[in-house]
Amino acid sequence: MAGLPPGVLIRTAKQVWTTLWQTMMGQMAPTSKSGDYQRPESEFRHRIEPAGTYPAAAHRYGLIVGMGCPWAHRTLVTRALKGLEGAIAAIPVVPSPNEGCWVFETPFRGCRTLPELYRQAQPGYRGRATVPVLWDLQTAAIVNNESADIIVILDEAFNEWATRPEVSLYPDGLRADIDRWNDRIYHAVNNGVYRCGFAQTQAAYDRACTELFETLDAIDQTLAQHPYLCGDRVTLADVRLFTTLFRFDGVYYSLFKCNRRRIQDYAHLGPYLRRLYQRPGVAETCDIEAVKRDYYGNLFPLNPGGIIPQGPDLGYLNAPVEAV
Ligand SMILES: N[C@@H](CCC(=O)N[C@@H](CS)C(=O)NCC(=O)O)C(=O)O
């Protein structure tokens, strides 16, 4: 039988590893003094406007997306719900585990990596090269790199080319309600799972995890009353919640330690996730194997061995759903 390694080895390895871990986590996940994860602000915030620099047009814009990323996924779900797949291209990137950045599947405008493209579009750019990007193919410019803006743009600006223009995900009458859910869900759920996973102290993790599950419980109660967050119709609040819920049982539950409960064990959240998943075009935007590969394979400080777990079984998402 192999014995335990001698104490001195454990102590040395722990010390070295902890120092490295803190350094890498600091790079990957900027934190406040108390160890709470803080997400950097997006820098490109232009709009699509009729007489502006970026007017609406078919085939002029593309979405640079990574399939694992929940923020990029929001834009693909919105594009699908509106039926904009034919008018707005998706330009895929995949994470490079050794370089810590996104790389194009096939070189794009002579660039191999996304940071190169950001610097081509804005010489001297030193911020993070994140997805999603709403990219102007005509002028080779970054229109916007904030998913919260891009989904509003996709909802409003391209109706002329949408196969489902009647779908309005941010209608005037519901905006206050949608915004209220967005604020709450962003902090406690969308970013909340990252605050759990990237916490660098026990207290920061406990705060994030408690808030996450209190919010999920409250949402579950709301969904007992009506099928979507704001009533009978799907809105951008649902789109924003959906991409986190889709990743929850497969990744956040284990890798980010969000393991008080699985989504599929909630009375209403599980059926809600399935209801959204089965809306036309949405399942095609969902690739759980890519999600698992991207998270488990690339967040080295959280999973140094890079081993990708086999489960869970998400077959319930394909089970028959009540009329939507
Ligand atoms: N505020 C951005 C956040 C996007 C974001 O954090 N994307 C991550 C992937 S999940 C990314 O591209 N990270 C690359 C990096 O930070 O270098 C949004 O919602 O659009």
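Bear in mind that the values here come from a model prediction, so they are computed numbers and not experimental data. In this numbering scheme, every chain counts its residues from 1 along its sequence in written order. Thresholds applied to this predicted model are a pLDDT of at least 70 for local features of residues and 80 or more for the giving and counting of side-chain atom pairs; totals over whole chains, interfaces and linings are not thresholded and use all residues. No hydrogens and no water enter the side-chain calculation; it runs on all heavy atoms of the structure.

Right, let's get into the overall build of the protein chain. By definition, any uninterrupted DSSP run of H or I lasting at least four residues is a helix, any uninterrupted run of E lasting at least two residues is a strand, and each is numbered from the N terminus. Assigned secondary structure in the protein chain consists of 10 helices and 6 strands. Taking 20 Å as the expected radius of gyration for a compact globule of 324 residues, we find that the protein chain reaches 21 Å, a close match to that expectation. Oriented by its inertia axes, the alpha-carbon framework of the protein chain measures out at about 70 × 50 × 35 Å. Counting every position in the protein chain, which comprises 324 residues, the buried fraction comes to 51%. Expressed as a percentage of contacts within the protein chain between residues at least 6 apart in sequence, the contacts between residues at least 24 apart total 71%. Carbon and sulfur atoms make up 53% of the accessible area of the protein chain, which totals about 15,200 Å². Taken as two groups, the 33 positive and 34 negative side-chain charges of the protein chain have centres that lie 6 Å from each other. Restricting the calculation to C-alpha atoms gives the radius of gyration, and the globule rule supplies 2.2 Å times the number of residues raised to the power 0.38. Residue exposure (1.4 Å probe, protein chains only): buried if accessible area is under 20% of the type maximum, exposed if over 50%, otherwise partly exposed. Any pair of residues with heavy atoms lying within 4.5 Å of one another is described as a contacting pair. To measure how exposed things are, a 1.4 Å probe is used in the Shrake-Rupley method; for residues, cover is taken only from the protein chains shown. Positive charges are assigned to Lys and Arg, negative charges to Asp and Glu, while His and the chain termini are left out of the count. Think of each charge as sitting on NZ of Lys, CZ of Arg, CG of Asp or CD of Glu.

Nonpolar core, defined: a set of buried Ala, Val, Leu, Ile, Met, Phe, Trp, Tyr and Cys residues in which side-chain atoms within 4.5 Å join the residues together. In terms of nonpolar packing, the biggest core is built from 105 residues, with Ile64, Phe198, Leu216 and Phe256 touching the most fellow members. For this core, the leading source of residues is helix H8 (residues 236–252), giving 10 residues. Each of domain 1 (61–161) and domain 2 (172–286) contributes no fewer than three residues to this core. Setting aside residues up to four positions removed in sequence, Phe198 forms contacts with Met25, Met28, Ala29, Thr31, Tyr37, Phe256, Leu299 and Leu302. Domain boundaries shown here were taken from an automatic or database domain assignment.

A few words on the packing of H8 against helix H9 (residues 269–277). H9 packs onto H8 with a crossing angle of 110° between their chain directions and a minimal axis gap of 10 Å. The angle between the axes of H8 and H9 places the two elements in the roughly perpendicular class. Along its contact with H8, which presents Asp238, Leu241, Phe242, Leu245 and Phe246, the element H9 presents Leu269, Tyr272, Leu273, Leu276 and Tyr277. Under the scheme applied, nonpolar residues are Ala, Val, Leu, Ile, Met, Phe, Trp, Tyr, Cys and Pro; charged residues are Asp, Glu, Lys and Arg; polar residues are all the others, including Gly. Class assignment of the residues belonging to the contact of H8 with H9 gives a composition of 9 nonpolar, no polar and 1 charged. Note on method: axes are straight lines fitted to C-alpha atoms, helices fitted across the in-contact stretch only, with angles between N-to-C directions ranging 0 to 180 degrees. The scheme is simple: roughly parallel for angles under 35 degrees, roughly antiparallel for over 145, roughly perpendicular for 65 to 115, oblique for anything else.

What surrounds the ligand is a group of 14 residues, the closest being Arg39, Trp102, Arg128, Glu146 and Ser147. In protein, a polar contact means a hydrogen-donor-capable atom and an acceptor-capable atom, both N or O and within 3.5 Å, with residues adjacent in sequence counting only if both atoms are side-chain atoms; elsewhere, any N or O pair within 3.5 Å suffices. Here a nitrogen atom of the ligand sits 3.1 Å away from a polar atom, N or O, in the side chain of Ser42. Burial of the ligand by the protein amounts to 82% of the accessible area it has alone, namely 510 Å². Per-class residue counts for the shell around the ligand are 7 nonpolar, 4 polar and 3 charged. Throughout this document, a residue counts as near a molecule or strand when at least one of its heavy atoms sits within 4 Å of that molecule or strand.

Before going further, it helps to spend a moment on unusual backbone geometry. The omega torsion across Val131 and Pro132 is 0°, close enough to zero to call that bond cis. Within the secondary structure, Pro132 is located in the loop between helix H3 (114–121) and strand E5 (133–136). Of note, the amide linkage connecting Gly311 to Pro312 takes the cis form, showing an omega dihedral of -5°. With respect to the helices and strands, the residue Pro312 is situated in the segment after helix H10 (288–298). Backbone geometry at Ala140 places phi at a positive 55°, although glycine is not the residue there.

Within a beta sheet, neighbouring strands are joined by backbone hydrogen bonds and run either parallel or antiparallel to one another. Here, a strand pair is defined by DSSP locating no fewer than two bridges between the strands. Pairing is mixed in the open sheet, where 6 strands are placed in the order E4-E3-E2-E1-E5-E6. The open sheet has two edge strands, strand E4 (111–113) and strand E6 (141–144), and neither has a second partner. In this sheet, adjacent strand axes meet at a mean angle of 35° when their direction is disregarded. Summarising the sheet, E5 and E6 pair through 3 bridges and their orientation is antiparallel. Note on E6: the bridge partner recorded for Leu134 is Asn144. Contacts between helix H2 (residues 70–82) and the sheet are confined to strand E1 (61–65) and strand E2 (89–96), with E1 contributing the most and set at about 135° to the helix.

In this section: the side chain of Thr78. Note that Thr78 resides in helix H2. Residues in contact with Thr78, not counting those within four places in the same chain, are Ile151, Leu154, Asp155, Leu169, Leu236 and Val239.

Turning our eyes to something else, we now look at the pattern of salt bridges. Definition used for salt bridges: Asp or Glu carboxyl oxygen within 4 Å of a side-chain nitrogen of Lys or Arg. Per the stated rule, a full pass over the model turns up 12 salt bridges. Of the charged contacts in the structure, one is a salt bridge between Arg45 and Asp149, with a shortest N-O distance of 2.5 Å. In this pair, Arg45 is assigned in the loop between helix H1 (7–28) and E1 and Asp149 in helix H4 (residues 147–156), connecting sequence segments 104 residues apart. The exposure class of Arg45 is partly exposed, given its relative accessible area of 40%. One salt bridge in this structure joins Asp294 and Arg293, with 3.0 Å as the shortest N-O distance.

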